Structure formats: C-alpha cells, structure tokens
Amino acid sequence: MNNNDIISVFNQAAAELKNIRVNYHGTFALTNPRIFSAAASYLKVVWLNAATGLHSSRYPELLTCIGRINQVEALFMTLDKQIVDNAINFYGINSPDNLDALLMAHIAFKGISQFAAVEDKYAFPANEQINRELLTAELEAASELLRVTYKILRDE
C-alpha cells in the first residue's frame, strides 16, 4: 500500500460524497463507487498508526476514541452498501450517534495532526521509524473527510 494512496482515497471519498449531496435527489454517476469501503479501512490504519506512535499513557483519550473510529468505519461501510445497492439514503445513516462519532473522530484526527505539526520529531517518540510528515498529511486528509461527511449528514 502506497501511503499517498491513503490521502488520495480520503480526498476522492470527500469529492464523491459532495457529488452525492449535490445530486442527492437526481441521478448521478460516481467515479469510484467503492471508495467508501477503502476510506473506512484506511481510517482505521491511519488512526492506529497515529495512536500507537503516541505515548498512550500521556493521551488516554486515544484509547476511548477507537469506539468512535469503529462507528465511523461502520457508517462508511453502510454508505458503501447503499451505493452498491443503488439505494443511497442519508437519513439511514445520519443518526445523532453517527453524527457524534463523525464529529469526535474529526476532532481527534485534527487534534493529533495539529499536535504533530507543533511537536515535529517529538510528536511520535514511541515510533522513530514513522514518517511524521506523511502521517500528518494523512491525518489532515482523514480529518477533512470526516468534517465534510459530518456537515453533509448534519444538514440532511
């Protein structure tokens, strides 16, 4: 897996979601209809890369956030299934629990990326092999996807 693919998948998923929203009550064709399945998997990968690189004893909230990440992953898998079944229904996935999970996951990804930008090489002392710049870019792309998803589902 090329890590630049992760950023590309997040960006494509955000673009596809915007396309769905603009044409929600009409007809539309998606460039990559299975993008949300890939985005769901990559969200977990990026989260685990970031969370395991940080000292979890200093950031215990990371351990509690995994439930929100899992919930967002399930939301994207549900959206993927809706697309495959050609039955997209935002009302089926915009529950208050899903919106809370999206918002909290967005805040978590954004917070870690900002922390990494400030702390630079000290951000991930538990894993010296990690490419901090690439991980920060992945965190930013994930955060943006979650923000876009939250706003679109909240407005439905």
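Residues numbered from 1 in each chain as written. Predicted model: local features only at pLDDT ≥ 70, side-chain atom pairs only at ≥ 80, totals over all residues. Heavy atoms only, no water.

### Regarding the overall build of the protein chain
Each helix and strand in the protein chain was counted, giving five helices and zero strands. In the protein chain, which comprises 156 residues, the share counted as buried stands at 44%. Nonlocal contacts in the protein chain, meaning residues at least 24 apart in sequence, comprise 77% of its contacts between residues at least 6 apart. As displayed, the protein chain offers around 8,000 Å² of accessible surface, 51% of which is attributable to carbon and sulfur atoms. (Helix = DSSP H or I, 4+ residues; strand = E, 2+ residues; numbered from the N terminus. Buried < 20%, exposed > 50% of the residue type's maximum accessible area, 1.4 Å probe, protein only. Contact = heavy atoms within 4.5 Å. Areas by Shrake-Rupley, 256 points an atom, 1.4 Å probe, with all protein chains shown as cover.)

### Remarks on a nonpolar patch on the surface
On the surface, a nonpolar cluster with roughly 240 Å² of combined accessible area is contributed by L103, M104 and I107. Residue position: L103 is located in helix α4 (residues 96-119). Look at L103 and you get partly exposed, because its relative accessible area is 30%. (Patch = residues over 30% accessible without salt bridge, like charges linked within 9 Å, V, L, I, M, F, W, Y side chains within 5 Å. Salt bridge = Lys/Arg side-chain N within 4 Å of Asp/Glu carboxyl O.)

### What to know about the nonpolar core
Counting 51 residues, the largest nonpolar core has F10, F36, F76, F90 and F109 as its most contacted members. The set of elements that each furnish at least two residues to this core consists of α1 (3-22), α2 (35-53), α3 (61-84), α4 and α5 (132-155). When residues of this core are assigned to their parent elements, the largest contribution, eleven residues, is made by α5. Sequence-distant contacts of F90, that is, excluding residues within four places in its chain, are made with L17, I20, R21, Y24, L79, I152, L153 and E156. (Core = buried A, V, L, I, M, F, W, Y, C linked by side-chain atoms within 4.5 Å.)

### Concerning the environment of I7
Within the secondary structure, I7 is located in helix α1. Taking C-alpha positions, I7 is 5.5 Å from E138, a pair spaced 131 residues apart along the chain. Dropping the residues within four chain positions of it, I7 is found in contact with L134, A137, E138 and A141.

### Thoughts on the side chain of T149
Relative to the assigned elements, T149 resides in helix α5. Residues contacting T149, with those up to four places away along its chain left out, are L17, L75, F76 and L102.

### Side note on the packing of aromatic side chains
Per the stated rule, a full pass over the model turns up two aromatic pairs. Ring geometry for F36 versus F76: centroids 6.0 Å apart, planes at 25°, classification stacked. Residue F36 is found in helix α2, and its partner F76 is found in helix α3; the two are separated by 40 residues along the sequence. Judged by its relative accessible area of 0%, F76 falls in the buried class. (Phe/Tyr/Trp six-rings, centres within 6.5 Å; stacked < 30°, edge-to-face > 60°.)

### Overview of unusual backbone geometry
A positive phi angle, close to 55°, is found at N86, a residue other than glycine. Relative to the helices and strands, N86 resides in the loop between α3 and α4.

### Looking at the side chain of D80
Assignment of secondary structure puts D80 in helix α3. Residues in contact with D80, not counting those within four places in the same chain, are P33, R34, F36 and S37.

### Topic: the environment of D97
If you trace the backbone, D97 turns up in helix α4. Note: C-alpha distance between D97 and R68 (29 residues apart in sequence) is 9.3 Å. Look past the residues within four positions of D97 in its chain and what remains in contact with it is R68 and Q71.

### A few points about the pattern of salt bridges
This structure, assessed with the given rule, holds six salt bridges. One salt bridge in this structure joins D80 and R34, with 2.7 Å as the shortest N-O distance. Of the two residues, D80 sits in helix α3 while R34 sits in the loop between α1 and α2, which places them 46 residues apart along the sequence. Taking the relative accessible area as the measure of exposure, D80 reaches 4% and is therefore buried. Residue R34 is classed as partly exposed on the basis of its relative accessible area, which comes to 47%.

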